2 protein chains.
Amino acid sequence: MSKNYCVAVAGATGAVGVEMVKTLEKRNFPVGKLKLLASARSAGKCVKFHGENVVIEEMTKESFKGVDIALFSAGGDISREYRDAVVSSGAVMIDNSSAFRLDPGVPLVVPEVNPEDVALHRGVIANPNCTTAIMLVAVAPLHRAKGVKRMVVSTYQAASGAGAKGMQELIDQTRQVLDGREISPKAFAHRIAFNLIPHIDSFTDNGYTKEELKMLNEARKMLHLPELLLSCTSVRIPALRAHSEALNIEFEREITPDEARAILAKAPGVTLADDPANNVYPMPVDATEKYDVLVGRIRQDISRNDRRGLDLFVSGDQLLKGAALNAVQIAELL
Amino acid sequence: MSKNYCVAVAGATGAVGVEMVKTLEKRNFPVGKLKLLASARSAGKCVKFHGENVVIEEMTKESFKGVDIALFSAGGDISREYRDAVVSSGAVMIDNSSAFRLDPGVPLVVPEVNPEDVALHRGVIANPNCTTAIMLVAVAPLHRAKGVKRMVVSTYQAASGAGAKGMQELIDQTRQVLDGREISPKAFAHRIAFNLIPHIDSFTDNGYTKEELKMLNEARKMLHLPELLLSCTSVRIPALRAHSEALNIEFEREITPDEARAILAKAPGVTLADDPANNVYPMPVDATEKYDVLVGRIRQDISRNDRRGLDLFVSGDQLLKGAALNAVQIAELL
């Protein structure tokens, strides 16, 4: 890559936006000019990038002139509002919100899963739901080898999924509970300290939450597998920033744990953490600030009378692989 | 019940033992004499029972003379060591350890699930694994109506599963992490504060932990269903004392969420917590210190093309329904 790009980060002060800037720096993305965009409230603040101060600007529809790549993480409403301005300015929008993910004209991409879909973009590429991205980094290579048919998933999602305010609420509220003080939940529907909440995003008519249905619908789109069957229970737990998931997977063809380990050992974006004898398995504290998704607890599903089932456990940094890293990886593909 | 019983609690200073004494008091169990037994280290300490001080005695093989019911929660080794002394003294041992659970001569009982099995005892009745007991309070009534065939379970288990020292470690370690101090895990294999650990009890050759296999083997025994299929992933999370579980259940016959709710609304030991529109669903903080198991998030499994699947979420107090309450309920059946 010899060219240097003008890159905009929209939502630069959010938990994901902050990680986007760090990831552009750490991966030495060829940034010619960096534009940091946020609401008027944050304009004027400074952020360090490769040792230099970049001043945050208020985002307007004129902000995208000369921009090559616009990384958006400011919520679905903002993405919808700015889409036309970004695309008509000639920039490619890489959007972390759920606004366009299921739009048939918008590729939904995890570079380890379906990099080829990037080529189909018409100005917008969507970044998947963080929990789906983390799951598919582990599942896609197994699917390519043995064909995934049905999955039962339970998630253990960190406070960072509700942004910087979610992490801060967990920290502050935990101190309040330890000190026996009153708490007043804001970022979450209930107390999260020393608790869990089986409710992420809003409920739909069939009793599943939107978050749970994203796992099904986004996985179908990215795996190009419209007949995939998947049931998910999404649960918020008091961890800070890495999401974990228990995956029960039924395959079209037989697969053993050893075969799965051999496939995953070579899979991009995966680090095997599967040595139970030495107490090695995926955990949020180990996945935090790592680019790779940790995969372990790989075993033959004993609830089946054949060898077409596997159970495994994954942990991935929700802000990185689940969001900022994935967006920057998409930009690298461009 | 006109007779008053001599009841011994072995392991009276442990997390479960303390709850056993409280539960005997709260449920007005007809205790004529209460003997509190523990190791020499705890002997001489006093515990209040119905307003009177009971002095803890050092447990010896002679402690059980005149005892009618001996509630044991002092670990499997102690239970094995004292079994003969208890039984030959004429007392019935209600054992909370895993020592005799799968012994064909020992009934394994949850009163809401298989009360009839109590009658088969020959001096020892086993209390199941706490997570299994909580699961079966919800599953048994559905099984009786529609026949359970296969389950995929993911657990969210509280620190109390590792006893009083587990809860204390979670509290102390959380403060240490918040203050940026060094931590040194003892009760758990790794840091538990703001983390999770997908490892409870020891690993077996097939990659499952003993805890995960207890869910299968104890459920088969208590449901009298040797062909039950079940795969479990057991995970420790930083909650204090109630365990939660995501259950994906395949039935022999069709069942709708409304049918399940109607069955569970009448089921003993169950409180429905299933009103998503008002953010009501099972959570550890709500299950704590409750006798009932909370059941909610009931929905038709969308990963199946028929109506033979349900997903649901449960929370139950691990020290009460999972241990102390269940033991006292067994004593009540006697």
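Residues numbered from 1 in each chain as written. Chains lettered and ligands numbered in written order. Predicted model: local features only at pLDDT ≥ 70, side-chain atom pairs only at ≥ 80, totals over all residues. Heavy atoms only, no water.

Caption draft 1: Examining the overall build of chain A more closely. The helix and strand tally for chain A stands at eight helices and 13 strands. What you see for chain A is a C-alpha radius of gyration of 20 Å, in line with the 20 Å of a compact globule of 334 residues. In terms of overall dimensions, chain A has C-alpha extents of about 60 × 55 × 45 Å along its principal axes. Here chain A holds 334 residues, and the buried ones make up 61% of them. Long-range contacts, defined as pairs at least 24 residues apart, comprise 65% of the intrachain contacts of chain A with a sequence gap of at least 6. When the accessible surface of chain A is summed, it comes to about 12,400 Å², and 48% of that surface belongs to carbon and sulfur atoms. With 40 positive and 41 negative side-chain charges, chain A shows a spacing of 1 Å between the two charge centroids. (Helix = DSSP H or I, 4+ residues; strand = E, 2+ residues; numbered from the N terminus. Rg over C-alpha atoms; globule rule 2.2 N^0.38 Å. Buried < 20%, exposed > 50% of the residue type's maximum accessible area, 1.4 Å probe, protein only. Contact = heavy atoms within 4.5 Å. Areas by Shrake-Rupley, 256 points an atom, 1.4 Å probe, with all protein chains shown as cover. Lys, Arg positive; Asp, Glu negative; His and termini not counted. Charge placed at Lys NZ, Arg CZ, Asp CG, Glu CD.)

Caption draft 2: Layout of the environment of B:D274. Residue and element names in this part refer to chain B. As for its placement among the helices and strands, D274 is situated in the loop between β12 (270-272) and α7 (284-287). Not counting chain neighbours up to four residues away, the residues in contact with D274 comprise R261, V280, V295, G296, R297 and I298. In this structure the side chain of D274 is engaged in a polar contact, spanning 2.6 Å, whose partner is the side chain of R261. A polar contact of 3.4 Å, which involves the side chain of D274, links it to the backbone nitrogen of I298. (Polar contact = N/O pair within 3.5 Å; in protein donor to acceptor, adjacent residues only side chain to side chain.)

Caption draft 3: How the structure looks around the packing of aromatic side chains. Overall, the coordinates contain 13 aromatic pairs over all chains when judged by the stated rule. Ring geometry for A:Y5 versus A:F29: centroids 6.1 Å apart, planes at 45°, classification tilted. Of this pair, A:Y5 sits in strand β1 (residues 5-10) while A:F29 sits in the loop between α1 (15-26) and β2 (31-38), and the two are 24 residues apart along the sequence. A:F29 gets classed as buried once you look at its relative accessible area, which sits at 4%. Taken together, the ring pairs in this structure connect A:Y156, A:F313, B:Y156 and B:F313 into an aromatic cluster. (Phe/Tyr/Trp six-rings, centres within 6.5 Å; stacked < 30°, edge-to-face > 60°.)

Caption draft 4: Region of interest: the pairing of strand β14 (residues 309-317) of chain B. Residue and element names in this part refer to chain B. Among the nine residues of β14, nine are classified as buried, and the element is accordingly described as predominantly covered. By the alternation rule, side chains of β14 split into G309, D311, F313, S315 and D317 and L310, L312, V314 and G316, which are all buried. The pairing of strand β11 (residues 242-251) with β14 spans nine bridges and is antiparallel. What sits directly across from E250, in β14, is G309. The sheet contact formed by strand β13 (residues 293-300) and β14 spans five bridges and is antiparallel. Among the inter-strand pairings, V295 is bridged to a residue of β14, identified as V314. (Pairing = 2+ DSSP bridges.)

Caption draft 5: How the structure looks around the state of the cysteines. All told, the structure shown has zero disulfides over all chains when counted by the stated rule. No disulfide involves A:C6; its nearest neighbouring cysteine sulfur is the one of A:C46, lying 18 Å away. (Disulfide = S-S within 2.5 Å.)

Caption draft 6: Geometry of the relation of the copies chain A and chain B. With an RMSD of 0.0 Å, the fit of chain A onto chain B corresponds to turning through 180° and sliding 0.0 Å along the axis. Here the copies are linked by what is in effect a two-fold axis. Most of the interface of chain A is mirrored in chain B: 100% of its interface residues are interface residues there too. (Least-squares fit on C-alpha atoms with pLDDT ≥ 70 in both.)

Caption draft 7: Quick peek at the nonpolar core. Ranked by internal contacts, the top residues of the largest apolar core, which has 56 residues, are A:F64, A:F72, A:M135, A:M151, A:L230, A:L247 and A:V295. Element by element, the count of residues in this core is highest for helix α3 (residues 130-146) of chain A, at nine residues. Sequence-distant contacts of A:M151, defined by excluding residues within four places in its chain, comprise A:M135, A:V139, A:L229, A:L230, A:S231, A:L247, A:N248, A:I249 and B:S303. Membership of the second largest hydrophobic core comes to 55 residues, among which are B:C6, B:A126, B:V153 and B:A260. (Core = buried A, V, L, I, M, F, W, Y, C linked by side-chain atoms within 4.5 Å.)

Caption draft 8: Up close: the sheet that holds β14(B). Residue and element names in this part refer to chain B. Read across the open sheet, the six strands follow the order β10-β9-β11-β14-β13-β12; overall the sheet is mixed. A strand with exactly one partner marks an edge of an open sheet, and here the two such strands are β10 (229-233) and β12. Pairs of neighbouring strands in the sheet enclose a mean axial angle of 25°, with direction left out of account. Inspection of the sheet shows β12 paired to β13 by three bridges, in the parallel sense. Bridge pairing in β13 places V270 opposite V293. (Axes fitted to C-alpha atoms, helices over the stretch in contact; angles between N-to-C directions.)

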